[in-house]
Amino acid sequence: MPDYTAPNRSDAGRDVFKGMSKKSKAKETSKEAAKSISVGEYGRYQIKSGRLAGAYGARAFLKPPTKARGLIAEATGETEEAAIIALHSAIDAREASRAEDRRTDPRKGTQVPTSDEYVEALHSVNLTRPQRAMLMALSLVEAGGLAEAKVADAGNYKSTTSANRALASVGRMIASYLSSGTGSLRPSIGSDGSALIGYRDASEHDEKPESWIMHPELCAAIRKVL
């Protein structure tokens, strides 16, 4: 009669992945690692922390839903809590550095976000198709500006008033996103939506219509994101 003696515990442990393909083994390993990861948040970022490969670490990502899939910052520590605290400090330092790099628009005295800040915001705010079309149109003309009527046409708006309101709404969404920083540091960029898109150039000649001129920082960001 065949011997059906059960394997001992050590044998069972060694054979747990026996017969699996490399792809299946990697999938199972990822599942086990995911179980040990804690998810939290800090300001506008999602924080993932835990112990991996014998070390404690914490990483920051953009909060979902977002189109971006990149690491914002990371830190390690002797404990998971220490790693999270170190990560918070790294994020605060990043926010402060960005705030220092902003320029002030001489026309309205409003702080203009950096191109990187605009990129992050555009990945996270929910833009309509007409808003995207107008932003793209403005980014292509850069410093030359675009007449209000042409901006409205790009978004299929019947009036410049409606188009201007839609652009101001984009600016407010960007301002709201960038102002939702960490509890220890929330640099203000104001709430004037239009000022975060650019400015309207008032012509000295009455017969020439006003033109929208977009901030170069936003132009650069749109080309990367939209």
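These numbers come from a predicted model, not from an experiment.

Q: It is not clear to me how the overall build of the protein chain should be interpreted in this structure. Could you clarify?
A: Along the protein chain, the regular secondary structure elements total nine helices and nine strands. In the protein chain, buried positions account for 37% of the 226 residues. Long-range pairs, those at least 24 residues apart, make up 53% of the contacts in the protein chain between residues at least 6 apart in sequence. Looking at the protein chain as shown, the accessible area adds up to about 13,500 Å², and 51% of this sits on carbon and sulfur atoms.

Q: I would appreciate a short explanation of the pattern of salt bridges in the present structure.
A: If the charged atoms of two oppositely charged side chains come close together, the side chains can form a pair. Counted according to the given criterion, the structure contains ten salt bridges. With its nearest N and O atoms 3.1 Å apart, the salt bridge here joins Glu74 to Arg59. Here the residue Glu74 occupies a position in strand E4 (residues 71–77), and Arg59 occupies one in strand E3 (residues 55–62), the gap between them amounting to 15 residues. For Glu120, the salt bridge goes to Arg98, with nearest N and O atoms at 3.0 Å. Remark: Arg98 occurs in helix H3 (residues 80–101) and Glu120 occurs in helix H4 (residues 115–124); sequence separation between them is 22 residues. Several salt bridges share partner residues, and in doing so they unite Arg44, Arg94, Glu95, Arg98 and Glu120 into one network.

Q: Hey, could you run me through the environment of Ala75 in this one?
A: Along the chain, Ala75 falls in strand E4. Between the C-alpha atom of Ala75 and that of Ser49, which follows or precedes it by 26 residues, the distance is 9.5 Å. Ignoring any residue separated from it by four or fewer positions in sequence, one finds Ala75 in contact with Tyr56, Gly57, Ala58, Ala83, Ala86 and Leu87.

Q: Can you help me understand unusual backbone geometry in this one?
A: Among all residues except glycine, the phi angle is most often negative; among peptide bonds, the trans geometry is most common. Across the junction of Pro64 and Pro65, the peptide omega takes the value 0 degrees, indicating a cis bond. The topology assignment puts Pro65 in the loop between E3 and E4. Phi at Asn156 takes a positive value of approximately 60 degrees, unusual for a residue other than glycine. Checked against the element boundaries, Asn156 lands in the loop between helix H6 (148–154) and helix H7 (160–179). Here Asn156 falls in the exposed class, since its relative accessible area comes to 70%.

Q: Teacher, can you tell me more about the sheet that holds strand E7 (residues 146–147) here?
A: Picture the strands of a sheet paired through backbone hydrogen bonds; they go either parallel or antiparallel. Reading across from one edge, E7-E9-E8 is the order of the three strands in this open sheet, with antiparallel pairing throughout. Each edge of the sheet is formed by a strand with only one pairing partner; in this case those strands are E7 and strand E8 (198–201). Bridge count for E7 against strand E9 (residues 211–214) is two bridges, and the pairing is antiparallel. Counted as the bridge partner of Leu146 is Trp212 from E9.

Q: In this structure, what is going on with H7? I would like to understand it.
A: Since there are 3.6 residues in each turn of an α-helix, residues three or four apart along the chain are aligned in direction. Across its 20 residues, H7 extends 28 Å between first and last C-alpha, which sits within 8% of the 28 Å expected from 1.5 Å per residue. Of all the positions in H7, only Ala163, Asn164, Ala166, Leu167, Ala168, Val170, Gly171, Ile174, Ala175, Tyr177 and Leu178 are classed as buried.

Q: Explanation requested: the packing of aromatic side chains in the structure shown.
A: The full count for this structure, using the stated rule, is zero aromatic pairs. Sitting above the plane of the Phe61 ring, Lys48 keeps its charged end 5.5 Å from the centroid. A cation over a ring is seen here: Arg51 above Tyr56, with NZ or CZ 4.8 Å from the ring centre.

Q: What is the right way to look at a nonpolar patch on the surface in this model?
A: There is a patch of nonpolar side chains on the surface, built from Met136, Leu140 and Val141 and spanning about 250 Å² of accessible area. By secondary structure assignment, the location of Met136 is in helix H5 (residues 129–141). Under the relative-accessibility criterion, Met136 is labelled partly exposed at 31%.

Q: Help me understand the layout of surface pockets, please; the structure alone is not making it clear to me.
A: Picture a little ball the size of a water molecule; that probe, rolled over the atoms, points out where space is still empty. If you add up the space inside the second largest pocket, you get close to 170 Å³. Along the walls of the second largest pocket sit Gln46, Lys48, Phe61, Leu62, Pro64, Pro65, Thr66, Ala68, Arg69, Gly70 and Leu71, which together make up its complete lining. Tallied by class, residues from the lining of the second largest pocket come to six nonpolar, three polar and two charged.

Q: Hey, could you run me through the sheet that holds E3 in this one?
A: Strands sit in the order E1-E2-E3-E4 across an open sheet of four strands; the sheet is antiparallel. Both outer strands of the open sheet, strand E1 (38–42) and E4, are each paired with one neighbouring strand and no more. Neighbouring strand axes in the sheet, compared pairwise and without regard to direction, differ in orientation by 25 degrees on average. Of the strand pairs in this sheet, E1 and strand E2 (residues 45–52) are connected by five bridges, and their pairing is antiparallel.

Procedures and definitions
Residues numbered from 1 in each chain as written. Predicted model: local features only at pLDDT ≥ 70, side-chain atom pairs only at ≥ 80, totals over all residues. Heavy atoms only, no water. Helix = DSSP H or I, 4+ residues; strand = E, 2+ residues; numbered from the N terminus. Buried < 20%, exposed > 50% of the residue type's maximum accessible area, 1.4 Å probe, protein only. Contact = heavy atoms within 4.5 Å. Areas by Shrake-Rupley, 256 points an atom, 1.4 Å probe, with all protein chains shown as cover. Salt bridge = Lys/Arg side-chain N within 4 Å of Asp/Glu carboxyl O. Pairing = 2+ DSSP bridges. Expected span 1.5 Å × (residues − 1). Phe/Tyr/Trp six-rings, centres within 6.5 Å; stacked < 30°, edge-to-face > 60°. Lys NZ or Arg CZ within 6 Å of the ring centre and 35° of its normal. Patch = residues over 30% accessible without salt bridge, like charges linked within 9 Å, V, L, I, M, F, W, Y side chains within 5 Å. 1 Å grid on protein atoms, 1.4 Å probe; cavity = no way out; pocket = protein on both sides within 12 Å on 5 of 7 lines; lining within 4 Å. Points joined across faces, edges and corners; volume = space filled by probe spheres on them. Nonpolar A, V, L, I, M, F, W, Y, C, P; charged D, E, K, R; others polar. Axes fitted to C-alpha atoms, helices over the stretch in contact; angles between N-to-C directions.

Geometry only, nothing functional implied.
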